[in-house]
Amino acid sequence: MEKRESGKTESFYPKIIAFCCYYCAYSAADLAGSLRLQYPPAVRMIEQPCSGKVDIRLLLQAFEDGADGVYVAGCMEGDCHFLKGNIRAKKRVNAAKKILDKVGVGGERLEMFNLSGSMGPRFAEIANEMTERILRLGPNPLNTARAERATKGEEGDPK
Amino acid sequence: MIVAEAKTLEEILESLQGMSKVLVVGCGGCVSVCLAGGEKETGILASTLRMKRELMGDPLETVEETLTRQCDPEYVQQLAKKLEGIDCILSLACGVGVQFLAEQFPQTWVVPALNTLFAGATMEHGLWEERCGLCGECVLARTGGVCPVIRCAKSLLNGPCGGSQNGKCEVKPNECAWQLIYNRMSELGRVELLLEVAGAKDWSKSRDGGPRKMVREDVKIDG
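Residues numbered from 1 in each chain as written. Chains lettered and ligands numbered in written order. Predicted model: local features only at pLDDT ≥ 70, side-chain atom pairs only at ≥ 80, totals over all residues. Heavy atoms only, no water.

Asks: Would you explain the pairing of strand β6 (residues 114-124) of chain B in this entry?
Replies: A regular strand carries its side chains on alternate faces of the sheet. Residue and element names in this part refer to chain B. In this sheet, β6 lies alongside strand β1 (residues 2-6) in antiparallel orientation, the contact comprising five bridges. From the neighbouring strand, I2 faces β6, where its bridge partner is A119. What sits between the antiparallel neighbours β6 and strand β7 (residues 127-132) is a turn of two residues, in which G126 has the positive phi angle 95 degrees. (Pairing = 2+ DSSP bridges. Helix = DSSP H or I, 4+ residues; strand = E, 2+ residues; numbered from the N terminus.)

Asks: I'm lost on the side chain of K97 of chain A in this one. Help?
Replies: Residue and element names in this part refer to chain A. Structurally, K97 can be placed in helix α3 (residues 85-103). Classification of K97 by relative accessible area gives buried; the value is 17%. Within the local environment of K97, its side chain forms a polar contact with the backbone oxygen of G107, the two atoms lying 3.3 Å apart. In this structure K97 touches G107, E108, L110 and E111, once residues within four positions along its chain are discounted. (Buried < 20%, exposed > 50% of the residue type's maximum accessible area, 1.4 Å probe, protein only. Polar contact = N/O pair within 3.5 Å; in protein donor to acceptor, adjacent residues only side chain to side chain. Contact = heavy atoms within 4.5 Å.)

Asks: Is there a simple way to think about the packing of α3 of chain A against helix α3 (residues 39-55) of chain B in this case?
Replies: The relative placement of two packed helices comes down to the angle between their axes together with the axis-to-axis distance. Put simply, α3 of chain A and α3 of chain B touch, their axes get as near as 9 Å, and they point 30 degrees apart. Looking at the two axes, α3 of chain A sits roughly parallel to α3 of chain B. The element α3 of chain A and its partner α3 of chain B pack so that their crossing is right-handed. Taking contact as the criterion, the partners of I99, L100, K102 and V103 of chain A in α3 of chain A are, on α3 of chain B, I44, T48, M51, K52 and L55 of chain B. Tallied by class, the residues present in the contact of α3 of chain A with α3 of chain B amount to six nonpolar, one polar and two charged. (Axes fitted to C-alpha atoms, helices over the stretch in contact; angles between N-to-C directions. Parallel < 35°, antiparallel > 145°, perpendicular 65-115°, else oblique. Left-handed = near helix turned anticlockwise from the far one by under 90°. Nonpolar A, V, L, I, M, F, W, Y, C, P; charged D, E, K, R; others polar.)

Asks: Please explain the interface of chain A and chain B as it appears in this structure.
Replies: How large an interface is tends to be reported as the accessible area lost when its parts come together. Facing 18 residues of chain A, the contacting portion of chain B comprises 15 residues. On the surface where chain A and chain B come into contact, there are four salt bridges. Between R50 of chain B and E64 of chain A there is a salt bridge, with the nearest N and O atoms lying 2.6 Å from each other. Taken together, chain A and chain B are joined by five residue pairs in polar contact (both at pLDDT 80 or more). At the level of secondary structure, the elements contributing two or more residues to the side of chain A that touches chain B comprise α2 (56-64), α3 and α5 (141-154) of chain A. (Salt bridge = Lys/Arg side-chain N within 4 Å of Asp/Glu carboxyl O.)

Asks: Hey, could you run me through the sheet that holds β6 of chain B in this one?
Replies: Through backbone hydrogen bonds, the strands of a sheet pair up, either in parallel or in antiparallel fashion. Residues and elements named next belong to chain B. A sheet is described by the order of its strands in space; here three strands give the open sequence β1-β6-β7, paired in antiparallel fashion. Edge positions in the sheet fall to β1 and β7, since each of these pairs with one other strand and no more. Each neighbouring strand pair of the sheet contributes to a mean axis angle of 70 degrees, computed without reference to strand direction.

See the structure below:
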């Protein structure tokens, strides 16, 4: 477990949150499982009734709570079960990316993907792609800052 | 509705310098409708500030609250019990709300998170336009429901200026208000109303007369 603890560069293994639409990505993950496809255990999935359920607050909260990367996986554009949920999710993801850039966490840690329920291999590919990206970017700067502050606190430094 | 937009993160951070615990207060009124200062925007701003300050090495604690309205004493008073240990209030209301909080809590430092823009309407989701200049003497009955005071860049009251070209204003690429007025009057068969010359407008009823106050004795509860 020590290996997976975020915020420690030397043994960094990312925590990635995937907000997955029930009608596509969630089913695709199921299919990936049935096909016995391997994808990194760094990805933690959260089922959503639609990618359009994702709110900017939710995306920011994931990072605040320590996620190193976050992605939203919705249906192919034009194929949303609720017509436009995935288009709205894309806009929100882009808005949240800008906030993360301004804050210094980095918008690159957040991404929107589109796939269908039959794309099990693509689901595994996305999980690999995102894990590689976050491994390259390193831990969430918030985790690093908190860890540094905790270390300083232990040493008796006032800040 | 009062339309407002968020200040830049830099400006808000500057106004929160030296503060370590901030009460972030949203407003459920107009700014909620124009998606600038409602519960959702309050959450986003508070989260953004916490993350930014954490990375600046100066962590910020926030308490979030969204009032039904910030321009009514009965709602504002609900904040009184949340002020303990608070260094400052960051208000996501229009200028009225910010001032009202400052008046109601004289011992607390209050700063705005929004720039208040205008009295307007939602044209479509994500697009708001100015529609009323709050001039204190409505002329819409003479202009077919199109306001020349606020929709004409020069607030002309007796027809367009020479800068009206092909129905467009020379100041901004908007429709010329007087073109809109003429079109509407023509459609309604009331163009002759435009022949009536409007006299000088009494601007003392507008902002030119200083801050305004309205009193209605019939609805006062006490006194």
